[in-house]
Amino acid sequence: KHNNSLIFLSPFHSQEMSGSSDRPHMTPEEEARLEKAHWEEVMDSFLFYRDHALERLTRCIDSFDRLPQRHQDMVPNFAHRVLAYQAAVETNSELAMQFAMCSPFGDADPEQPPRTEPRQRPREHNMEKVYTTLKQLHRDWAAEGAPERALCFNPILDALRDLFPADIRAHTRVCVPGCGLGRLPFEIARLGFECQGNEWSVHMLLAAHVILNGHGGTFHTTVYPWAYIFTNNYTTDAQMQGVRIPDTDPFELPATARFSMAAGDFLEVYSEQGAWDCVATCFFIDTARNIIVYLEHIFSMLRPGGYWINFGPLLYHFDDNRDGPSLELSYEEVRHVMLQIGFEIVREQYPCPSPYIADPRSMMQMTYNCVFCIARKPLLAPAPAPIPAPAPA
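Residues numbered from 1 in each chain as written. Predicted model: local features only at pLDDT ≥ 70, side-chain atom pairs only at ≥ 80, totals over all residues. Heavy atoms only, no water.

*Asks:* Can you lay out the side chain of Gln241 for me, pointing to particular residues and giving the numbers?
*Replies:* Tracing the backbone through its elements, the reader meets Gln241 in the loop between α10 (236–239) and β5 (243–245). Since its relative accessible area comes to 14%, Gln241 is described here as buried. Not counting residues within four places of it along the chain, the set of residues in contact with Gln241 comprises Glu144, Val223, Tyr224, Pro225, Trp226, Asp359 and Arg361. (Helix = DSSP H or I, 4+ residues; strand = E, 2+ residues; numbered from the N terminus. Buried < 20%, exposed > 50% of the residue type's maximum accessible area, 1.4 Å probe, protein only. Contact = heavy atoms within 4.5 Å.)

*Asks:* Tell me about the pairing of strand β2 (residues 173–177), residues and numbers included.
*Replies:* Note on strand geometry: in a regular strand, side chains alternate between the two faces of the sheet. Here β2 lies mainly inside the structure; four of its five residues are buried. Once you follow β2 into helix α8 (residues 183–190) and on to strand β3 (residues 194–199), the crossover reads as right-handed. Here β2 runs beside strand β7 (residues 276–282); their pairing, made up of two bridges, is parallel. Considered in β7, the bridge of Val174 is made with Cys278. (Right-handed = clockwise from strand over helix to strand, strands pointing away. Pairing = 2+ DSSP bridges.)

*Asks:* Give me the lowdown on unusual backbone geometry, citing residues and values where you can.
*Replies:* Residue Ile245 is joined to Pro246 through a cis peptide bond whose omega torsion reads -10 degrees. Relative to the elements of secondary structure, Pro246 occurs in the loop between β5 and β6 (258–263). A cis amide bond, omega -5 degrees, links Tyr350 with the succeeding residue Pro351. Inspection of the secondary structure assignment puts Pro351 in strand β9 (residues 344–354). The backbone phi angle of Phe219 is positive, close to 55 degrees, even though this residue is not glycine.

*Asks:* Can you lay out the environment of Leu184 for me, pointing to particular residues and giving the numbers?
*Replies:* For Leu184, the position within the fold is in helix α8. Along the primary structure Leu184 and Cys195 are separated by eleven residues, whereas in three dimensions their C-alpha atoms are 9.7 Å apart. When neighbours within four sequence positions are excluded, Leu184 is seen to be in contact with Phe153, Ile156, Leu157, Val176 and Cys282.

*Asks:* An account of the confidence of the model for the chain is requested, with residue identities and associated values reported.
*Replies:* Scored by pLDDT, the chain has a mean of 89; 88% of the residues are at 70 or more. Scored below 50 in pLDDT, residues 8–22 makes 47 contacts in the model with residues more than four places away or belonging to other chains. (pLDDT = per-residue confidence, 0-100.)

*Asks:* Go over the environment of Ser326, please, and point to the residues and values.
*Replies:* Turning to its location among the elements, Ser326 is positioned in the loop between β8 (302–312) and α13 (331–341). Judged by its relative accessible area of 23%, Ser326 falls in the partly exposed class. Along the primary structure Ser326 and Arg289 are separated by 37 residues, whereas in three dimensions their C-alpha atoms are 4.5 Å apart. Here Glu328 takes part through its side chain, which lies 2.5 Å from a polar atom of the side chain of Ser326. (Polar contact = N/O pair within 3.5 Å; in protein donor to acceptor, adjacent residues only side chain to side chain.)

So, in structure tokens, the structure goes:
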């Protein structure tokens, strides 16, 4: 066995830290302090998971205890539910602790024991990212997530098979921005491509690092992705459903495969023009404040004749954020912008129904009607506008 899935950590100059890619100019020392502070807060959120999850249980117990005794007697399995929740939290907490131990700075004092307690209570939005990471493990690395992966990953993987014959894949470079826990770029590398995933969420990166660079093998770790969700449960067992991960060995890649992960802001990590044969995006382009910037950047990244393969909706993550601008275009407008930039649209399909980190046993199901699109950068493409260089230190 061998492991090509090495994560290298570039500076986290990302919207996650600053709230906007248009952050003010900072000195290298200020950026280093910001990176370290952000890492510490992410570490705190994983370390605080157990306490935070048990706080939710305490509220549940308090509410139950306030019921009249005759109402409590009507729910005889409540104590069993409490014990099941506690056990699920303990198991998840062990995994969260592993994520917290993956410092991207490598500057921990080897003579000091690793920190196991948060320095302070994390902000709630960071705790939400912990729970999202646990649910993402179900989607990306559990057998139970395979039906969801098939809906959104398979169109991309099938397109790559059709566009690039097997004998050239080892020399075909594919970039996957916004890859979460790395399953899609892993599957692309498994087809024989040189593939690099990119992610700016430190929560996702640390979890991906543990999965991809752990001790190998399959089904060796249990996670309870839905334990914290107390609504729309048809059965109590559904809430406490555990899944074993990973469902495939991350170490088992073809000898010719080249697989890596890059951390940081997509717009800053990839400044070289014409360096990629394909950019594959899945549930990604609507994470932009200005989607036109993303489309121009993808066009510039591609070599002439290269392909952009996209699958996803247009949820627009900054739609209700008042801290900065957000451009929300319809797909009709996005398509017009693509043509204006210079893309040739090879294939489009709509609607392509797909959920996203959905509990298949929940009483509430949400499905996106996604667009699947293959676009090509012409061989004789007009010269793109240069990618702005980061401000000098």
